[in-house]
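# A structural walkthrough
Take a look at the letters that make up each chain.
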4 protein chains.
Amino acid sequence: MAFEFPQKVLFKHCDPAGIVFYPRYFEMMNDCLEAFFEAQLDMPWHLLHRAGAVPTAQIETRFTAPSRHGDRLLLRLQVTRVGRSSFSYEMVATCDDEQRFVTTGTLVNVNETGRPAPWPEGPRTRLEAQL
Amino acid sequence: MAFEFPQKVLFKHCDPAGIVFYPRYFEMMNDCLEAFFEAQLDMPWHLLHRAGAVPTAQIETRFTAPSRHGDRLLLRLQVTRVGRSSFSYEMVATCDDEQRFVTTGTLVNVNETGRPAPWPEGPRTRLEAQL
Amino acid sequence: MAFEFPQKVLFKHCDPAGIVFYPRYFEMMNDCLEAFFEAQLDMPWHLLHRAGAVPTAQIETRFTAPSRHGDRLLLRLQVTRVGRSSFSYEMVATCDDEQRFVTTGTLVNVNETGRPAPWPEGPRTRLEAQL
Amino acid sequence: MAFEFPQKVLFKHCDPAGIVFYPRYFEMMNDCLEAFFEAQLDMPWHLLHRAGAVPTAQIETRFTAPSRHGDRLLLRLQVTRVGRSSFSYEMVATCDDEQRFVTTGTLVNVNETGRPAPWPEGPRTRLEAQL
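By convention here, each chain's residues receive numbers from 1 onward along its written sequence. Lettering of chains starts at A and numbering of ligands starts at 1, both following the order in which they are written. Reporting in this predicted model follows two pLDDT cut-offs: at least 70 for local features of residues, and 80 or more for side-chain atom pairs to be given and counted; totals over whole chains, interfaces and linings ignore these cut-offs and use all residues. Note that water and hydrogens are dropped before the side-chain values are worked out from all heavy atoms of the structure.

- Chain A has the name Thioesterase in an unreviewed UniProt entry, where Actibacterium mucosum KCTC 23349 is given as its organism.

What follows is the structure, given as structure tokens:
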């Protein structure tokens, strides 16, 4: 039930060593999450951010092999835990069959004042269906 | 014995929610590490990268409070482990007395072919002095 | 004969004012050029950069209306001049029928030492066909 | 009367060709403008953006020589025209005595609804003193 997000490694992602600069990986992960919210939760971020946000509370990544310009990555996002106002996920990036990184993270749904807010019923149901 | 790196939160760091976009935090952490290598290890990255690199193998961050445009952050880097060709660190960012994030990470010294390479004697001595 | 490149405005592109931060527009333009080189000139950048580069020599942009998170932009690239080792282009971005920016730029094909190098015959023919 | 802004070329600024990726130059220019507003106009952007913005309307850059990792750039900003709700500037970046880029740009003071708003009297007086 993983959500798949393809991402080609572009010129802008790469550093003088010719490999992806890791802050750019975190942008890719964020793009994957943004696509996931729209496609799977029906919570497009440009609407969600009118009255709240979904900040990342914790994130951990192991970079297991470098990625180079032109590589075609596939990011796979799997929800691993659904809380009242948060969820945790694992995201694995591969190129062909080689793993490039593994991330685990937790993000929180907050309201306009930055306080945790329960998932609305629709998104909660969809999140639980991802488990 | 922590290395201190001040970083004002600039316009470019902030997202539509008015807080630091977390991939930008990873750029700040990387800037802090780049300054640490030059100031404390005498390994400026523009020289180091002529014949190697210091990729991040693992990184974990807990974001404990949001940072806003104009905040004056202080990043404190503490070496926590020195290996043959790697080291681990803890990095804590505060604004006044409020903690904003805590990161632990490990990076590896690699040669031109991407293989782990032992720290040269000078940097190793300086790293161990940081413990 | 314009080359079309769709680009949705994502969270990462937007600033605290809720509109695209203009350095991010320059990343979009660069992504459009990277796609153009691969699709139209058969010069994918990950191969081209093994023995050269295509730095931008000059670029000018007028930002005619702001773009917001969620907007679906269309960038249209039109080659306007083909030189021995350079070309000029116009790039216009629209959202529905509203123009967002107009860029004109010139980039140069350089060899490993950074000197201008004539376009290879294939890409030159393809560039001229774009006029 | 130029405003000076030093900027070391860091790892994050550089691309696989080992030189500054030009969208990163636009971030540097923006950082220079942010510092100028605070130091010279007494309009720190984190306050200014509570009730308005200063979007760039037009910008043109000629990149005259590449910048490499470790280079110490000096950006010099000179106001060239003060309008009712806008100003134009020239920004020249050098490393030692070598010019790296020349930018001319115009930005506009806008209110919360995005409409041009006259400069407040203090900043206007300071802008005119820069001419």
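## A look at the environment of lysine 8 of chain B
- A run of H or I in DSSP counts as a helix once it spans at least four residues, and a run of E counts as a strand once it spans at least two, with each numbered from the N terminus. Take lysine 8 of chain B: it is sitting in strand β1 (residues 3–8).
- Lysine 8 of chain B sits 103 residues away from asparagine 111 of chain B along the chain, and the two C-alpha atoms are 34 Å apart.
- Residues are treated as being in contact if the distance between any of their heavy atoms lies within 4.5 Å. The residues touching lysine 8 of chain B, leaving out its near neighbours within four places in the chain, are His13, Gly70, Asp71 and Arg72 of chain B together with Glu38 of chain D.
- Among the polar contacts listed, one links the side chain of lysine 8 of chain B to the side chain of glutamate 38 of chain D, at a separation of 2.5 Å. The term polar contact refers here to a pair of N or O atoms within 3.5 Å; inside protein, the definition further demands a hydrogen-donor-capable atom paired with an acceptor-capable atom, and it admits residues adjacent in sequence only when both atoms are side-chain atoms.

## Notes on the sheet that holds strand β1 (residues 3–8) of chain A
- Judged by pairing direction, the sheet is antiparallel, and its 10 strands sit side by side in the order β1(A)-β3(A)-β4(A)-β5(A)-β2(A)-β2(B)-β5(B)-β4(B)-β3(B)-β1(B) without closing on themselves. The sheet is open, and its two edges are formed by β1 of chain A together with β1 of chain B, each paired on a single side. For this sheet, the mean angle separating the axes of adjacent strands, direction not counted, is 20°.
- Strand pairing requires that DSSP identify at least two bridges connecting the strands. Where β1 of chain A lies against strand β3 (residues 72–82) of chain A, six bridges are found, and the strand directions are antiparallel. Only C-alpha atoms enter the line fits that serve as axes; for helices the fit covers just the stretch in contact. Angles between N-to-C directions range over 0 to 180 degrees.

## Considering the relation of the copies chain C and chain D
- Mapping chain C onto chain D calls for a rotation angle of 180° and an axial translation of 0.0 Å; the resulting RMSD is 0.0 Å. Expressed as an axis order, the relation between the two copies is that of a two-fold axis. When each C-alpha of chain C is compared by its distance to the rotation axis, glutamate 60 of chain C comes out closest, at 2.0 Å.
- Comparing interface residues between copies, 100% of those in chain C also lie at the interface in chain D; the contact surface is shared. Alignment of copies: least-squares fit on C-alpha atoms of residues with pLDDT of at least 70 in both copies.

## Observations regarding the environment of aspartate 96 of chain A
Residue and element names in this part refer to chain A.
- With respect to the helices, strands and loops of the structure, aspartate 96 is situated in the loop between β4 (86–95) and β5 (98–108).
- On the accessibility criterion, aspartate 96 (71% relative accessible area) is exposed.
- Between the C-alpha atoms of aspartate 96 and aspartate 71, which are 25 residues apart in sequence, the distance is 9.1 Å. Burial status follows relative accessibility: with a 1.4 Å probe on protein chains alone, a residue under 20% of its type maximum counts as buried, one over 50% as exposed, and anything between as partly exposed.

## Some thoughts on the relation of the copies chain B and chain D
- Note on the copies: chain B fits chain D at an RMSD of 0.0 Å, the axial shift is 0.0 Å, and the rotation between them is 180°.
- Interface residue correspondence from chain B to chain D reaches 100%, placing this contact among same-surface, isologous pairings.

## Some points on the side chain of arginine 24 of chain D
- Looking at where arginine 24 of chain D falls in the secondary structure, it is placed in helix α1 (residues 22–40).
- Here the side chain of arginine 24 of chain D touches lysine 12 of chain D through a polar contact of 3.0 Å, landing on its backbone oxygen.
- Here the side chain of arginine 24 of chain D touches glutamate 27 of chain D through a polar contact of 3.1 Å, side chain to side chain.
- Ignoring anything within four residues of it in the chain, the contact list for arginine 24 of chain D reads Phe21 of chain A, Arg24 and Glu27 of chain B together with Lys12 and His13 of chain D.

## Thoughts on the environment of valine 92 of chain A
- Relative to the helices and strands, valine 92 of chain A is located in strand β4.
- Once the C-alpha coordinates of valine 92 of chain A and phenylalanine 21 of chain A are considered, the two residues, 71 residues apart in sequence, prove to be 17 Å apart.

## Description of the packing of helix α1 (residues 22–40) of chain C against α1 of chain D
- Taken N-terminus to C-terminus, the directions of α1 of chain C and α1 of chain D make an angle of 170°; their axes are 8 Å apart at the nearest point. It follows that α1 of chain C is roughly antiparallel to α1 of chain D by the angle criterion. Where α1 of chain C approaches α1 of chain D, its residues Tyr22, Pro23, Phe26, Glu27, Asn30 and Leu33 of chain C are matched on the opposing element by Tyr22, Pro23, Phe26, Glu27, Asn30 and Leu33 of chain D.
- Under the convention adopted here, Pro, Cys and the residues Ala, Val, Leu, Ile, Met, Phe, Trp and Tyr are nonpolar, Asp, Glu, Lys and Arg are charged, and Gly plus all remaining residues are polar. Here the contact of α1 of chain C with α1 of chain D is built from residues that sort into eight nonpolar, two polar and two charged. For this classification, under 35 degrees means roughly parallel, over 145 means roughly antiparallel, 65 to 115 means roughly perpendicular, and everything else is oblique.

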